[in-house]
Structures are given as C-alpha cells and as structure tokens.
Amino acid sequence: PPRSTLFPYTTLFRSGEITYFVGNNIYHLQKGDIVLIPPHTIHKTKQRSKQKHKRILIYMTEAFVAEFLDQRPELLSCFQTGFLRIDKQRRLKTEAILGQLLLEYDSVKSFDVLMIKALLVQLLILMDRHIRLGQVVTGFKPPDALTDKMLEIVRYINENYSEDISLELLAREF
C-alpha cells in the first residue's frame, strides 16, 4: 500500500523493473536511478515484471546531519527534486560512496557514526551537484489515458488528504 515517512530517504535502484509513485509523479526506474523522497510524501513501488528488484534505501533524520547544515543549509534541498538519472561515470562514483557506506554500516565491530555521517554528507553533496549540473529527470509522462487519470486521482487525494475521501466521492469526481 502507499505510505509516507517522517524522514527524507533515498533509494538507489540496482536492478529489476519497477515503477515508483512519488507524490504526483511516476518514474520507471533504470539501474543507477536515484529517487529522493521528502518527508510526508506519499509513495509506492510497483513491480513491472516477475524479476525481483534490488534497491538500497537510506533513511535519515535532519538531526543526524544537523551539524553539517550550519555550513551547508541547502544540504537536504535535493529531496525536493524527486529523481536523478545520472551518467555512468557519476553513477559509479555515487555507487562507490554507497558501497563504503554499506561496508561501514555492516562492520559491527568498527561501526563509526562519524564515518557514516561523512559518507552520507558526501553522498548528499554529490546529489546536489548532479542537480545543479542539470542531470535531473522530471516526472514521467503517462503512457496512456488510464495512467493519466490515475495521476489526476492521486493529485486530488494528495491535495485533499486531510478531508474525508470515499470511493463514492472519487467515483463522482472522476
């Protein structure tokens, strides 16, 4: 089911075929794509084939990187972008940082919070650079009228989330 989180999080897509619904946008992910989900944003994944997909999820709180926000207030602004598709060279660099992050996190004996923060901040800065260089793909264009209608309904629900919304109301509206 669709869900929303209290904290921003990042998904790096590794393999498989998946559609990601984030807010009012739909993305068909390819290997290396990065989805940036702001807090309180409704999102859902949908498998497009029988092949299992692999992804890396990174949840974070603003408090976790707060000490860096004084020097770089825009550090978390990348989460307003939603989606990054980057070239192979930059993707390899991003994946290398993620690999170090996972290795550090998985080494229980030498787990170092400062190292995790440093790698996470490096990843956030890299994503911000990708955005500034214009390597951003905006919302996916619906391939058919049915998907377009579904997006219209999702927009309506997102805009009226605090109201009582029933299936009957949606049927009348759409």
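Quick notes on the rules
- Residues numbered from 1 in each chain as written.
- Predicted model: local features only at pLDDT ≥ 70, side-chain atom pairs only at ≥ 80, totals over all residues.
- Heavy atoms only, no water.
- Buried < 20%, exposed > 50% of the residue type's maximum accessible area, 1.4 Å probe, protein only.
- Helix = DSSP H or I, 4+ residues; strand = E, 2+ residues; numbered from the N terminus.
- Pairing = 2+ DSSP bridges.
- Contact = heavy atoms within 4.5 Å.
- Axes fitted to C-alpha atoms, helices over the stretch in contact; angles between N-to-C directions.
- Core = buried A, V, L, I, M, F, W, Y, C linked by side-chain atoms within 4.5 Å.
- Salt bridge = Lys/Arg side-chain N within 4 Å of Asp/Glu carboxyl O.

Enquirer: Would you explain the pairing of strand S1 (residues 9-15) in this entry?
Expert: Each regular strand carries side chains that alternate between the two faces of the sheet. Counted residue by residue, S1 has five buried out of seven residues, so it is predominantly covered. Bridge count between S1 and strand S4 (residues 34-37): four bridges; the pairing is antiparallel. By the bridge assignment for S4, Thr11 is matched with Val35. One ladder, built from six bridges, connects S1 with strand S6 (residues 54-59); its direction is antiparallel. Along S6, the bridge assignment pairs Tyr9 with Tyr59.

Enquirer: When you look at the sheet that holds S4 in this model, what are you seeing that I'm missing?
Expert: Adjacent strands of a sheet pair through backbone hydrogen bonds, lying either parallel or antiparallel. Reading across from one edge, S6-S1-S4-S7 is the order of the four strands in this open sheet, with antiparallel pairing throughout. The strands lining the two open edges of the sheet, one partner per strand, are S6 and strand S7 (83-84). The strands touched by helix H2 (residues 88-106) within the sheet are S1, S4 and S6, with S6 carrying the most contacts at an inclination of about 70 degrees.

Enquirer: What's the story with unusual backbone geometry in this structure? I'm lost.
Expert: Residues apart from glycine generally show negative phi values, whereas peptide bonds are mostly found in trans. Phi is positive for His40, close to 60 degrees, though the residue is something other than glycine. A residue is classified by how much of its surface remains accessible, and His40, at 56% relative accessible area, is exposed.

Enquirer: Explain the nonpolar core to me, please; I cannot follow it from the model alone.
Expert: A general trend in soluble globular proteins is that nonpolar side chains are found buried together. Membership of the largest hydrophobic core comes to 27 residues, with the highest contact counts inside it found for Ile58, Val65, Leu75, Leu124 and Met127. Where this core is concerned, the elements lending two or more residues are S4, S6, helix H1 (66-69), H2 and helix H3 (113-132). If one sorts the elements of this core by residue count, H3 sits on top with nine residues. The contact partners of Val65, leaving out residues within four places of it in the chain, are Leu75, Leu76, Leu120, Val121 and Leu124.

Enquirer: Just to check I follow, could you spell out the pattern of salt bridges for this structure?
Expert: Using the criterion set out here, one finds ten salt bridges in the structure. One salt bridge connects Glu74 with Arg72, and the closest N-O pair in it is separated by 2.9 Å. Since its relative accessible area comes to 27%, Arg72 is described here as partly exposed. Where Asp128 meets Arg72, a salt bridge forms, and the shortest distance between an N and an O atom there is 4.0 Å. With Asp128 in helix H3 and Arg72 in the loop between H1 and S7, the pair connects residues that are 56 residues apart, well separated along the chain. Each of Arg72, Glu74, Asp128 and Arg132 takes part in one network of salt bridges that share partners.

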